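Fold and contact review
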Amino acid sequence: TGSVFRRRAFARTYATATSPHALVFLEHRGGVLESGSLSALTAAEQLGGEISALVVGSAEYVPGVVDKVKKLKGVTSVLHSTSIQYANPIAETLAPLFEKLLSDSSPFTHVVAATSSSAKSVLPRVSARLNVPTVSDVTSLTHDAAAGSTTFTRPIYAGNAIATVRAPADIAIKFFTVRGTAFAPAPAQDSTATDTVVEPVEVADPPTVHIKTTIAKSDRPDLGVASRVVSGGRALKNAETFQSTLYPLADVLGAAVGASRAAVDAGYADNSLQVGQTGKVVAPELYMALGISGAIQHLAGMKDSKLIVAINKDADAPIFQVADVGLIADIFDAVPELTEKLKK
Ligand code: FAD
């Protein structure tokens with residue numbers, strides 16, 4: 001079949017490659033690079049080889065993003081492709097571009113991206129078409145250049161176990177997505193990478209089209225990158241008390257607001273604020289869990305935070321097992337008091 005043929009062709013290509021060469025998909029929103037993509041770059045650097053960054057989008061944003069990416073640490077070249085079809089990239093329109101870049105004469109040994117909604121859709125689609133696997137949500141990696149294998153760790157069972165998986169040499173192109181909180185964002189550097197235009201692969205009559213993106217607007221720090229997060233749970237009772245109790249504390253700390261799934265499901269908070277297995281994974285300097293019991297699905301999204309503070313009136317609440325500082329108290333007493341003291 002075509003896929004078996006491709007796999008053999010890739011194996012031949014790899015045998016002549018001496019060092020890794022990663023293709024890193026860098027995402028941006030309105031010209032602003034996503035922090036998860038910067039972490040993906042740091043992860044790719046740990047492979048110890050060349051890095052080509054891939055930037056796609058509309059003509060409005062691509063040139064500015066390319067300028068920024070050329071100055072990022074680790075990037076040796078930038079490939080960029082401009083098309084209205086890439087303005088809001090979806091798997092069906094982006095996959096053919098990847099396939100073109102990864103054709104038989106491709107130098108790439110790894111394809112890397114953040115564990116984002118977009119990359120989680122694009123990378124597995126492309127890797128399946130090339131008959132190779134994608135390793136998702138990687139938290140650490142080592143590349144054995146002599147053997148040509150890459151070993152990854154990734155959380156499984158909502159973070160209750162860490163799996164170590166190896167992509168051996170005969171997987172000629174190793175696809176992986178990176179958990180942003182596990183790698184520092186790549187900083188800017190002095191030197192400048194080269195850049196190359198890649199002709200877009202226009203998909204006639206795509207099976208799926210992007211209609212609109214609705215982004216929850218907030219003046220508060222972004223939950224995904226904030227160094228302090230104040231999260232509320234079911235105990236907050238309703239949307240009004242969620243706001244009136246949590247927001248003043250978040251304001252005085254300059255913190256982002258998060259929520260448990262119970263709080264989101266009950267309509268206290270927008271679902272963009274959900275922290276956990278099916279929400280965002282955060283690892284801020286300070287995470288405050290207020291009226292949150294500490295179910296494993298919630299812990300999966302915050303237990304790597306540097307300092308965890310929990311306030312709960314139940315001394316047996318599981319959140320206290322991961323908390324560095326715990327206060328057994330009613331949040332409706334403790335949180336306003338703490339807020340007033342912090343203001344002073
Ligand atoms: P509860 O478990 O009801 O806890 C409320 C806590 O508040 C209790 O500990 C109680 O003692 C305390 N309390 C009550 N009143 C007060 C008061 N006045 N003062 C102080 N403390 C008070 N959950 C997530 O959060 N994120 C996820 O991403 C997520 N994904 C899931 C995925 C799956 C497949 C499943 C099955 C579940 C998922 N959940 C997730 C749900 C999770 O299992 C819990 O149900 C949820 O986290 C509970 O939210 P909570 O802690 O706010 O509510």
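Rules used throughout
- For every chain, the first residue of the written sequence is number 1, and numbering continues from 1 onward in sequence order.
- Confidence filtering applies because this is a predicted model: local features only for residues at pLDDT of at least 70, side-chain atom pairs given and counted only at 80 or more, and all residues used for totals across whole chains, interfaces and linings.
- In computing side-chain values, all of the structure's heavy atoms are included and hydrogens and water are not.
- Exposure categories follow from relative accessible area, calculated using a 1.4 Å probe and restricted to protein chains: below 20% of the type maximum is buried, above 50% is exposed, and the middle band is partly exposed.
- The helix count covers DSSP runs of H or I at least four residues long, the strand count covers runs of E at least two residues long, and both are numbered beginning at the N terminus.
- Here, any two strands with at least 2 DSSP bridges between them count as paired.
- A pocket, in this scheme, is an open set of points on a 1 Å grid over the protein atoms alone with protein on both sides within 12 Å along at least 5 of 7 lines, while a cavity is a set where a 1.4 Å probe fits but cannot get out; residues line either one if an atom lies within 4 Å of a point.
- Grid points are joined across faces, edges and corners, and a volume is the space filled by probe spheres set on the points.
- Lines are fitted to the C-alpha atoms to define the axes, a helix being fitted only along its stretch in contact, and any angle between axes, read from their N-to-C directions, falls within 0 to 180 degrees.
- Angle categories are assigned with fixed cut-offs, so that under 35 degrees is roughly parallel, over 145 is roughly antiparallel, 65 to 115 is roughly perpendicular, and the rest are oblique.
- Crossings are assigned a handedness: left-handed for a near helix turned anticlockwise from the far helix by less than a right angle, right-handed for a clockwise turn.
- Any pair of residues with heavy atoms lying within 4.5 Å of one another is described as a contacting pair.

1. Quick notes on the pairing of strand S1 (residues 21-25)
Counting buried positions along S1 yields 5 of 5 residues, so the element is predominantly enclosed. Of the two faces of S1, both are covered, the one formed by His 21, Leu 23 and Phe 25 as well as the one formed by Ala 22 and Val 24. As judged from the 5 bridges shared by S1 and strand S4 (residues 50-57), these two strands associate in the parallel manner. Bridging across to S4, Val 24 finds its partner in Ala 53. Pairing geometry for S1 and strand S6 (residues 110-114), over 3 bridges, is parallel. By the bridge assignment for S6, Val 24 is matched with Val 112.

2. Some points on the layout of surface pockets
The method is simple in principle: a probe with the dimensions of a water molecule rolls over the atoms, and the space it marks as empty is what remains. In this structure, the second largest pocket occupies an estimated 450 Å³ of space. Together, 25 residues line the second largest pocket, and Arg 234, Ser 260, Gly 291, Ile 292 and Ser 293 are the ones closest to its centre. For the lining of the second largest pocket, the secondary structure elements donating two or more residues are helix H7 (261-265), helix H8 (296-299) and helix H10 (331-343).

3. What to know about the sheet that holds strand S9 (residues 149-156)
The antiparallel open sheet is built from 3 strands, whose spatial order is S8-S9-S10. Among the strands making up the open sheet, the edge pair consists of strand S8 (140-144) and strand S10 (161-167). On average, adjacent strands in this sheet sit at an angle of 20° to one another, irrespective of strand direction. Here S9 pairs with S10 via 7 bridges, running antiparallel. Residue pairing in the sheet places Thr 153 in a bridge with Thr 164 of S10.

4. As for the packing of helix H4 (residues 91-101) against helix H5 (residues 117-129)
For the pair H4 and H5, interaxial distance at closest approach is 9 Å and the crossing angle is 50°. In terms of axis orientation, H4 runs oblique to H5. In the packing of H4 onto H5, the handedness of the crossing is right-handed. The residues of H5 that touch H4, namely those facing Ala 91, Glu 92, Leu 94, Ala 95, Phe 98 and Glu 99, are Ser 121, Val 122, Arg 125, Val 126 and Arg 129.

5. Points about H4
For H4, a buried count of 9 out of 11 residues is recorded, marking the element as mostly surrounded by other parts of the structure. By the burial criterion, the buried members of H4 are Ala 91, Glu 92, Thr 93, Leu 94, Ala 95, Leu 97, Phe 98, Glu 99 and Leu 101.

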